[in-house]
Amino acid sequence: MNLTIEVIPVPVTDMDRAKEFYTDKAGFKLDLDDEVAPGMRIIQLTPPGSRCSIAMLEGMPAAPGMKQMAPGALQGIQLCVTDIEAAREGLVKRGVDVSPIRHVGATGWEDGKGDIWNSFMSFEDPDGNGWVVQEAPSELSER
């Protein structure tokens, strides 16, 4: 049986501000913005080329047995790109505050690109949820 990751909840304080950030700045595609029940809104967005989406929820109770995450608590969700320099340039042009490209070296994190699978950058959404972008050697369908 396959277990696929398809939706990751992202805790935010302002749904409209987050929607604007993820669509206009991060380049995600808006899949859904709907009030699914009175006072319960879901915004679902998908990064370009991904089969996994993010969902921002407002007024929804936590799923049974789950805890609510505070806005900014989500850290380290990783996106992959095949050209990290072009991806960084695109994010910066759209107004995202992106870290320099770094790699893990002999002394820890070092500036500049590394070898295959060892080039990273990061950014945060307006609430402080932290994202990592890693350079992959090829598209997922080719790996």
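Here, every reference points to the structure presented above.
Residues numbered from 1 in each chain as written. Predicted model: local features only at pLDDT ≥ 70, side-chain atom pairs only at ≥ 80, totals over all residues. Heavy atoms only, no water.

1. Re the pairing of strand 3 (residues 40-46)
Turning to step 1, where the next piece is worked out: Within strand 3, five of the seven residues are buried, which leaves the element mostly enclosed by the surrounding structure.
Turning to step 2, where the next piece is worked out: Both strand 2 (residues 29-37) and strand 3 contribute to a ladder of seven bridges, which runs antiparallel. Within the sheet, the bridge partner assigned to A37 lies in strand 3 and is M40.
Turning to step 3, where the next piece is worked out: Here strand 2 folds back onto strand 3 in antiparallel fashion, the turn holding two residues, of which G39 has a positive phi close to 80 degrees.
Turning to step 4, where the next piece is worked out: Connecting strand 3 to the antiparallel partner strand 4 (residues 53-58) that follows it, the hairpin turn spans six residues, and G49 within it adopts a positive phi of roughly 80 degrees. (Buried < 20%, exposed > 50% of the residue type's maximum accessible area, 1.4 Å probe, protein only. Helix = DSSP H or I, 4+ residues; strand = E, 2+ residues; numbered from the N terminus. Pairing = 2+ DSSP bridges.)

2. Digging into helix 1 (residues 15-25)
Think of an α-helix as turning once every 3.6 residues; residues three or four places apart then point the same way.
Turning to step 1, where the next piece is worked out: Of the residues making up helix 1, those classed as buried are M15, A18, F21 and Y22. Angular distribution of buried residues about the axis of helix 1 spans 130 degrees; they occupy a single face of the element.
Turning to step 2, where the next piece is worked out: Sitting at the head of helix 1, D14 places a side-chain oxygen 3.1 Å from the backbone nitrogen of D16.
Turning to step 3, where the next piece is worked out: Trailing helix 1 by a residue or two, G27 shows a phi angle of about 85 degrees, which is positive. (Arc of directions from axis to C-beta. Polar contact = N/O pair within 3.5 Å; in protein donor to acceptor, adjacent residues only side chain to side chain.)

3. Focus on the pairing of strand 6 (residues 102-105)
Turning to step 1, where the next piece is worked out: Bridge count for strand 6 against strand 7 (residues 108-111) is four bridges, and the pairing is antiparallel. By the bridge assignment, R102 is partnered in strand 7 with D111.
Turning to step 2, where the next piece is worked out: The antiparallel pairing of strand 6 with strand 7 creates a hairpin that spans two residues between the two strands.

4. Considerations on the sheet that holds strand 4
Hydrogen bonds between backbone atoms are what pair the strands of a sheet, whose relative direction is either parallel or antiparallel.
Turning to step 1, where the next piece is worked out: Ordered in space as 1-4-3-2, the four strands form an open sheet in which the pairing is mixed. The open sheet terminates on both sides in strands that have one partner only, identified here as strand 1 (7-9) and strand 2. Going across the sheet, the axis of each strand differs from the next one's by a mean of 25 degrees, ignoring polarity.
Turning to step 2, where the next piece is worked out: Examined bridge by bridge, strand 1 and strand 4 share three bridges and lie parallel to one another. Counted as the bridge partner of I8 is I54 from strand 4. (Axes fitted to C-alpha atoms, helices over the stretch in contact; angles between N-to-C directions.)

5. What to know about the packing of aromatic side chains
Turning to step 1, where the next piece is worked out: Taken as a whole and assessed by the stated rule, the structure comprises seven aromatic pairs.
Turning to step 2, where the next piece is worked out: Between F21 and Y22, the aromatic rings sit 5.1 Å apart at their centres with planes inclined by 85 degrees, giving edge-to-face as the arrangement. In this structure, F21 and Y22 share a single accessibility class: buried.
Turning to step 3, where the next piece is worked out: When the ring of Y22 is compared with that of W131, the centres are 6.0 Å apart and the planes differ by 70 degrees; the resulting orientation is edge-to-face. Taken together, the residues span a long stretch of sequence, with Y22 in helix 1 and W131 in strand 9 (residues 130-135) at a distance of 109 residues.
Turning to step 4, where the next piece is worked out: Three or more aromatic residues link up through ring pairs in this structure, and these residues are F21, Y22, F28, F123 and W131. (Phe/Tyr/Trp six-rings, centres within 6.5 Å; stacked < 30°, edge-to-face > 60°.)

6. Observations regarding the nonpolar core
Turning to step 1, where the next piece is worked out: With 26 residues, the main nonpolar core has V10, Y22, F28, M56, F123 and W131 as its most contacted residues.
Turning to step 2, where the next piece is worked out: For this core, the elements supplying multiple residues, two or more each, are helix 1, strand 3, strand 4, helix 2 (84-93), strand 8 (120-124) and strand 9.
Turning to step 3, where the next piece is worked out: Ranked by residue count, the leading element in this core is helix 1, at four residues.
Turning to step 4, where the next piece is worked out: Filtering out sequence-adjacent residues up to four positions away, M56 remains in contact with V10, V12, M15, A18, K19, Y22, R41, I42, I43 and L45. (Core = buried A, V, L, I, M, F, W, Y, C linked by side-chain atoms within 4.5 Å. Contact = heavy atoms within 4.5 Å.)

So yeah, pure geometry; function would need other evidence.
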